[in-house]
Amino acid sequence: LIVLAALAIFTQAVPRFFDPQPLHNLNFGVALVGFAGAVNGVLAGLLIRVGRNSHSLALEADGKHLLTDVVTSVGVIGSLFLVRLTGALWLDPLVACLVAVNILVTGAKLLRESVGRLMDKADPELLQQIVDILNSHRQVDWISLHQLRARRYGPRVHIDLHMVLPRYYDLEQSHRRAEEIEGLLHQAFGVEAEIIVHTDPCTAKWCPVCAQENCALRSAALESQARPPFTVSDAMAIHGHHEGAGNG
């Protein structure tokens with residue numbers, strides 16, 4: 001709708017640029033557009049804020065749609081004042097075309113974001129937030145994070161990840177660690193978040209970056225850069241920092 005509005009403005013403005021027409025009732029027009037712009041500005045701000053807080057792309061898009069109306073109002077008022085001061089009628093359609101370009105840019109951004117959501121495009125900010133949470137609460141036996149997948153569905157979040165743990169852990173220990181990780185993420189994203197944590201046993205390939213003490217199964221000494229922090233790129237990889245280490 002935003003893009004169509006911009007095209008409609010172009011359709012009206014371009015012919016008027018080459019064939020300027022006199023403007024009538026400027027005072028009433030400026031007052032009317034100014035009032036409408038102020039109301040739209042307040043409503044746009046509320047919609048965008050609520051949309052971002054609730055992760056509703058529809059509400060945010062509606063707010064940005066109204067915000068383009070505010071920009072349009074400012075452009076219209078400015079062009080009318082310029083026309084009155086200079087008498088240059090061609091300024092009115094010129095400013096209208098500039099407003100249309102701004103609307104097109106806004107519409108293009110919304111379309112790109114909408115298509116990304118529909119195609120389940122990865123959300124870099126969400127992935128980084130998850131990795132930061134796990135890094136800040138990391139336990140010594142959280143050896144590696146990999147196969148991290150995260151999606152937003154409106155206000156809800158779906159998270160799926162694999163955590164490499166010591167292979168001598170029994171089922172109860174592994175399950176307890178998985179519950180701890182799920183609890184941390186639920187604290188950050190709410191109890192309605194869908195969180196699935198898989199636990200994978202370590203292999204000898206993980207020994208150089210594993211800081212677990214008193215491990216009878218260790219086959220290599222710790223490297224100087226032991227326990228590198230989790231990163232988004234490693235977390236999204238199929239096998240994490242050391243390829244082939246996970247058995248998930």
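Each remark here, short or long, concerns the structure printed above.
I will try to describe carefully the structure that is included in this document. Here the structure is a predicted model, which means the values were calculated and not measured. (Residues numbered from 1 in each chain as written. Predicted model: local features only at pLDDT ≥ 70, side-chain atom pairs only at ≥ 80, totals over all residues. Heavy atoms only, no water.)

1. A closer look at the overall build of the protein chain
Of regular secondary structure, the protein chain possesses 7 helices and 3 strands. Reading the secondary structure of the protein chain in the N-to-C direction produces α-α-α-α-α-β-β-α-β-α. The C-alpha radius of gyration of the protein chain comes to 28 Å, more than 25% above the 18 Å expected for a compact globule of 248 residues. For the protein chain, the residues scored as buried account for 36% of the 248 residues in total. Across the protein chain, contacts joining residues at least 24 apart in sequence account for 67% of those joining residues at least 6 apart. Approximately 14,100 Å² of the protein chain is accessible, and the part contributed by carbon and sulfur atoms is 62%. (Helix = DSSP H or I, 4+ residues; strand = E, 2+ residues; numbered from the N terminus. Rg over C-alpha atoms; globule rule 2.2 N^0.38 Å. Buried < 20%, exposed > 50% of the residue type's maximum accessible area, 1.4 Å probe, protein only. Contact = heavy atoms within 4.5 Å. Areas by Shrake-Rupley, 256 points an atom, 1.4 Å probe, with all protein chains shown as cover.)

2. Notes on the pattern of salt bridges
As enumerated under the stated definition, the model contains 4 salt bridges in all. The residue aspartate 141 makes a salt bridge to arginine 177 at a minimum N-O spacing of 2.7 Å. Of this pair, aspartate 141 sits in the loop between α5 (124-136) and β1 (144-153) while arginine 177 sits in helix α6 (residues 171-189); the two residues are 36 residues apart in sequence, bridging distant segments of the chain. The exposure class of aspartate 141 is buried, given its relative accessible area of 1%. The residue arginine 176 makes a salt bridge to glutamate 172 at a minimum N-O spacing of 3.8 Å. (Salt bridge = Lys/Arg side-chain N within 4 Å of Asp/Glu carboxyl O.)

3. Quick notes on the nonpolar core
The nonpolar side chains of a soluble globular protein tend to be buried with one another. Within the largest apolar cluster, 27 residues are counted, with the highest numbers of intra-cluster contacts made by Ile130, Leu134, Ile159, Leu161, Met163, Leu185 and Phe189. Among the elements that take part in this core, α5 stands out by supplying 6 residues, more than any other. The next biggest cluster of nonpolar side chains, apart from the first, holds 7 residues, and it includes Ile2, Val99, Ile103 and Leu110. (Core = buried A, V, L, I, M, F, W, Y, C linked by side-chain atoms within 4.5 Å.)

4. Some words on the packing of aromatic side chains
Aromatic ring pairs: the centre-centre distance and the angle between the two ring planes describe each pair. Taken as a whole, this structure holds 1 aromatic pair when the rule is applied. Here tyrosine 168 and tyrosine 169 contribute two aromatic rings whose centre-to-centre distance is 5.6 Å and whose plane-to-plane angle is 75°, an arrangement assigned as edge-to-face. In this structure tyrosine 169 comes out as buried when scored by relative accessible area, which is 16%. Here arginine 138 stacks its cationic end above the ring of phenylalanine 230, 3.9 Å away from the centre of that ring. (Phe/Tyr/Trp six-rings, centres within 6.5 Å; stacked < 30°, edge-to-face > 60°. Lys NZ or Arg CZ within 6 Å of the ring centre and 35° of its normal.)

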